[in-house]
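So the chains spell out like this:
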Amino acid sequence: MKKNIASARINIESSKLLKELNDSLPFDKELFREDIIGSLAHSKMLAKQGIISSEDLELITKGLNELLEDIESGKIELNEGDEDIHMAIERLLTAKIGDAAKRVHTARSRNDQVATDFRLYVLNNNKEIARLLLELIESFINISKEHSDTLLPGMTHLQHAQPINFGYHMLAYASMFKRDYERFMSSYKRNNISPLGCAALAGTPHPIDRELTTNELGFKEPSLNCLDTVSDRDFALEILFNIATMMMHISRLSEEIILWSTSEFKFVTLSDKHATGSSIMPQKKNPDIPELLRGKTGRVNGNLVALLTVMKGLPLAYNKDTQEDKEGVFDSVKTAKLSLMVLKEMIDEMQVNKENMEAACRVGHLSATDLADYMVKNLNMPFRDAYHLVGNIVNKAEELGKDISELTYEELSSIDDRFAKDVIEVLDIRNSMNARESFGGTSTAKTIEQIEIMSNWIESQK
Ligand code: ARG
């Protein structure tokens, strides 16, 4: 009879169905690197503290390094059979080096082992996603540099509101993704704490050195309370939240790109590399990439809600429910990284149809607010009176079949004789955009200022 190495008192083979429910190897094999690195650090510490011999350490180190190589190269495949990645590595190491392998689990439990492995994975990915975000922000900055003078109708309620420039619009996304970057980095810093040495829940009577494994694994400090540490999955929830928020931002941009590439807007044209056809309609070029990016927001939101729900009823300390933490995180991390890379490539190569953006600015009376502001400044009118008078002027323009920016001085004077000739200037769309010179505003000068501030910030993060 085959005895399960992780059960000392269970003498019959497990039910097939139990194994199917219980085994996590099919998905946690993703953590093989972290698991081996964790065991290398733990064994080094055990030897340094005189808990295992230096001969055993030598065998263990050599064996683990060989396993790492063989799994990486595909020479060893991690297939079902073992309960999880921790038991698989222990079994493989035992087969390779014999008894020394059985000493590695001294002063350790799978509870601190899995908490360490998974935390290392999550920390690395917080940094990796942050790095991809910086690259994406650079793309927005490059587009902004080219288009700080390209007029675009700014919208509220998806209705034309005031003229802005396309560079400024791209910088709005740069600002969003900068917040995401900061969230990933602050999660990284907050969670950079080593669980190793917490053992099952209460620490260990062996004379271990948690500082040593902390340094060896690149953590900032050992966790303070073992009972909390082995059942804490806040670090996983944080990366899921960070990803969900980031994907929500990606989804908002995708929605705009989908709209902008319709025949009604034609503000951008996606590269043929990033568009697909229809199996029946020969003329079609569909924006599948932004649609999928928008759609993938659903699964990352689901992963966050799933883990919040798993955690909400758990008494201290470790419970097997926690094993449900991994698949959602792996899925969200993969989705986030691929989405960032695809999005960057797509916006880098998307054609910006400047003329169509500028033509759209002559629809919808975008400079109406400027006319009201002119009356406040030059005619000393209360804003509300000016607002109503401009309403009449907009109606008049509609009657004439014109945009307010196309009215002549004569047409304006026939409505109110207090206008001076220079009123025509304030109705000009580009002047309207450039008039917004308050800090954070859309004028070309302020857009360039934002580009500089953002570029300096990026440099400071490298
Ligand atoms: N596969 C388990 C997990 O992912 C490892 C920890 C198991 N610990 C235990 N006491 N059964 O959570």
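Now for a description of the structure that goes with this document. (Residues numbered from 1 in each chain as written. Predicted model: local features only at pLDDT ≥ 70, side-chain atom pairs only at ≥ 80, totals over all residues. Heavy atoms only, no water.)

Re unusual backbone geometry
For the bond running from L316 to A317, omega is 0°, close enough to zero to count as cis. One non-glycine residue with positive phi stands out, namely A199, at about 60°. Here A199 lies in the loop between β3 (193-194) and α8 (210-216). Here A199 falls in the buried class, since its relative accessible area comes to 7%. Of note, the phi angle at H365 is positive, near 55°, even though the residue is not glycine. Position of H365 relative to the elements: it lies in the loop between α13 (354-360) and α14 (368-378). (Helix = DSSP H or I, 4+ residues; strand = E, 2+ residues; numbered from the N terminus. Buried < 20%, exposed > 50% of the residue type's maximum accessible area, 1.4 Å probe, protein only.)

Looking at the packing of aromatic side chains
Scanning all chains against the criterion turns up 11 aromatic pairs. Considering the side-chain rings of F140 and Y173, the 6.2 Å spacing of their centres and the 20° angle between planes classify their relative orientation as stacked. Of this pair, F140 sits in helix α6 (residues 110-146) while Y173 is found in helix α7 (residues 166-190), placing the two residues 33 residues apart along the sequence. Taken together, a centroid distance of 5.2 Å and an interplanar angle of 90° make the contact between Y181 and W457 edge-to-face. Within this pair, whereas Y181 is found in helix α7, its partner W457 is found in helix α19 (residues 444-461), the two being separated by 276 residues in sequence. Here Y181 matches W457 in class, with each residue buried. By way of ring pairs, the aromatic residues F118, Y121, F235 and F330 are connected into one cluster. (Phe/Tyr/Trp six-rings, centres within 6.5 Å; stacked < 30°, edge-to-face > 60°.)

Thoughts on the pairing of strand β2 (residues 159-165)
Sheet topology note: the strand β1 (residues 151-156)/β2 ladder contains six bridges and is antiparallel. Bridge pairing in β2 places L151 opposite N165. Where β1 folds back onto β2 in an antiparallel hairpin, the turn is made up of two residues, including H157, whose phi is positive at roughly 55°. (Pairing = 2+ DSSP bridges.)

Section: the side chain of S367
Considering the arrangement of structural elements, one finds S367 in the loop between α13 and α14. The class for S367 is buried, based on a relative accessible area of 0%. A distance of 2.7 Å separates a polar atom in the side chain of S367 from the backbone oxygen of L427. Setting aside anything within four residues of it in sequence, one finds S367 in contact with I404, S405, V426, L427, I429 and S432. (Polar contact = N/O pair within 3.5 Å; in protein donor to acceptor, adjacent residues only side chain to side chain. Contact = heavy atoms within 4.5 Å.)

Quick notes on a nonpolar patch on the surface
Together, L201, L227 and L316 give the surface a local cluster of nonpolar side chains, amounting to about 270 Å² of exposed area. In this fold, L316 is placed in the loop between α11 (288-311) and α12 (326-349). L316 sits in the exposed class, given a relative accessible area of 60%. (Patch = residues over 30% accessible without salt bridge, like charges linked within 9 Å, V, L, I, M, F, W, Y side chains within 5 Å. Areas by Shrake-Rupley, 256 points an atom, 1.4 Å probe, with all protein chains shown as cover. Salt bridge = Lys/Arg side-chain N within 4 Å of Asp/Glu carboxyl O.)

A few points about the environment of A372
Note on placement: A372 falls in helix α14. You can call A372 buried: its relative accessible area is 4%. A sequence separation of 260 residues divides A372 from D112, and the C-alpha atoms of the two residues are 66 Å apart. Those residues in contact with A372 that lie beyond four places of it in its chain are F383, A386, Y387 and V390.

Considering the environment of F330
Counting through the fold element by element, F330 comes out in helix α12. Owing to a relative accessible area of 5%, F330 belongs among the buried residues under this scheme. F330 sits 209 residues away from Y121 along the chain, and the two C-alpha atoms are 9.3 Å apart. Setting aside chain neighbours within four positions, we find F330 in contact with F27, D28, E30, L31, F118 and Y121.

Notes on the site of the ligand
Near the ligand, the surroundings consist of S24, D28, D84, H86, R110, N111, V114, Y318, Q323 and K326. Within the contact set of the ligand, a nitrogen atom lies 3.2 Å away from a side-chain nitrogen or oxygen of S24. Isolated, the ligand exposes 340 Å² of accessible area, and the fraction of that covered by the protein chains is 86%. Counting residues per element, the shell around the ligand draws most heavily on α6, at three residues. Its residues placed into classes, the shell around the ligand shows two nonpolar, four polar and four charged. (Near = heavy atom within 4 Å. Nonpolar A, V, L, I, M, F, W, Y, C, P; charged D, E, K, R; others polar.)

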